[in-house]
Amino acid sequence: LHEQTISRRMGLSDARLADLRAPSPDAALWTPELLAALRLVDGLVQRLEVDDATWVALREHFDEAALLEMTQLVGHYTGVAMLAALARPALDRYR
């Protein structure tokens, strides 16, 4: 849903949108900061943990407060995704 509305308006390219569906992000498409953030999300959602290399990369770009906020947001949106999967809402007309 966000791909059809917000993501494209915010400037995400087709290549980046496709890469978000890949098993792991293509480092050539992302800044080091965004790549670390993507790896944080993947680690938390897929394994409920983040490897040491990802933590090192994250610490180069984000302070502790930002990392806590990012982790909370991942948890929040994971919950929203679960609710949406259960409720199966129709597409909205937001465009």
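Residues numbered from 1 in each chain as written. Predicted model: local features only at pLDDT ≥ 70, side-chain atom pairs only at ≥ 80, totals over all residues. Heavy atoms only, no water.

(A) The arrangement of the packing of helix α3 (residues 32-47) against helix α5 (residues 64-87) in detail. Between α3 and α5, the least distance of the axes is 10 Å, while the angle of their chain directions is 50°. Classified by the angle their axes make, α3 and α5 are oblique. The crossing of α3 and α5 is right-handed. Here Ala 37, Leu 40, Val 41, Leu 44 and Val 45 of α3 come into contact with α5, specifically with Met 70, Thr 71, Val 74 and Thr 78. Of the residues assigned to the contact of α3 with α5, the class counts are seven nonpolar, two polar and no charged. (Axes fitted to C-alpha atoms, helices over the stretch in contact; angles between N-to-C directions. Helix = DSSP H or I, 4+ residues; strand = E, 2+ residues; numbered from the N terminus. Parallel < 35°, antiparallel > 145°, perpendicular 65-115°, else oblique. Left-handed = near helix turned anticlockwise from the far one by under 90°. Contact = heavy atoms within 4.5 Å. Nonpolar A, V, L, I, M, F, W, Y, C, P; charged D, E, K, R; others polar.)

(B) Structural detail: α3. Between the first and last C-alpha of α3 there are 22 Å, a value that for 16 residues agrees with the 22 Å anticipated at 1.5 Å per step. Taken together, the buried positions of α3 are occupied by Leu 35, Ala 36, Ala 37, Leu 40, Gly 43 and Leu 44. Those residues of α3 that are buried lie in contact with α4 (52-61) and α5. Just beyond α3, the residue with positive phi is Leu 48, at close to 60°. (Expected span 1.5 Å × (residues − 1). Buried < 20%, exposed > 50% of the residue type's maximum accessible area, 1.4 Å probe, protein only.)

(C) Quick look at the nonpolar core. Membership of the largest hydrophobic core is limited to ten residues, which are Ala 36, Ala 37, Leu 40, Leu 44, Val 50, Leu 58, Phe 62, Leu 67, Met 70 and Val 74. Among the secondary structure elements, those contributing two or more residues to this core are α3 and α5. For this core, the element with the most residues is α3, which contributes four residues. With residues near it in sequence (within four places) discarded, Val 50 still touches Leu 40, Leu 44, Trp 55 and Leu 58. (Core = buried A, V, L, I, M, F, W, Y, C linked by side-chain atoms within 4.5 Å.)

(D) Region of the structure containing the packing of α4 against α5. Here α4 crosses α5 at 120°, and the two axes come no closer than 9 Å. One element, α4, and the other, α5, form an angle in the oblique class. Of the two elements, α4 crosses α5, and the hand of that crossing is right-handed. Where α4 approaches α5, its residues Trp 55, Leu 58 and Arg 59 are matched on the opposing element by Glu 64, Leu 67 and Met 70. Among the residues forming the contact of α4 with α5, the class breakdown is four nonpolar, no polar and two charged.

(E) Here's a closer look at a nonpolar patch on the surface. Taken together, the side chains of Leu 73, Tyr 77 and Val 80 present a nonpolar region at the surface, about 280 Å² in accessible area. Topologically, Tyr 77 is positioned in helix α5. (Patch = residues over 30% accessible without salt bridge, like charges linked within 9 Å, V, L, I, M, F, W, Y side chains within 5 Å. Areas by Shrake-Rupley, 256 points an atom, 1.4 Å probe, with all protein chains shown as cover. Salt bridge = Lys/Arg side-chain N within 4 Å of Asp/Glu carboxyl O.)

(F) Up close: the environment of Leu 67. Along the chain, Leu 67 falls in helix α5. Here the alpha-carbon distance between Leu 67 and Asp 14, two residues 53 residues apart in the chain, equals 28 Å. In contact with Leu 67, not counting residues within four places along its chain, are Trp 55, Leu 58, Arg 59 and Phe 62.

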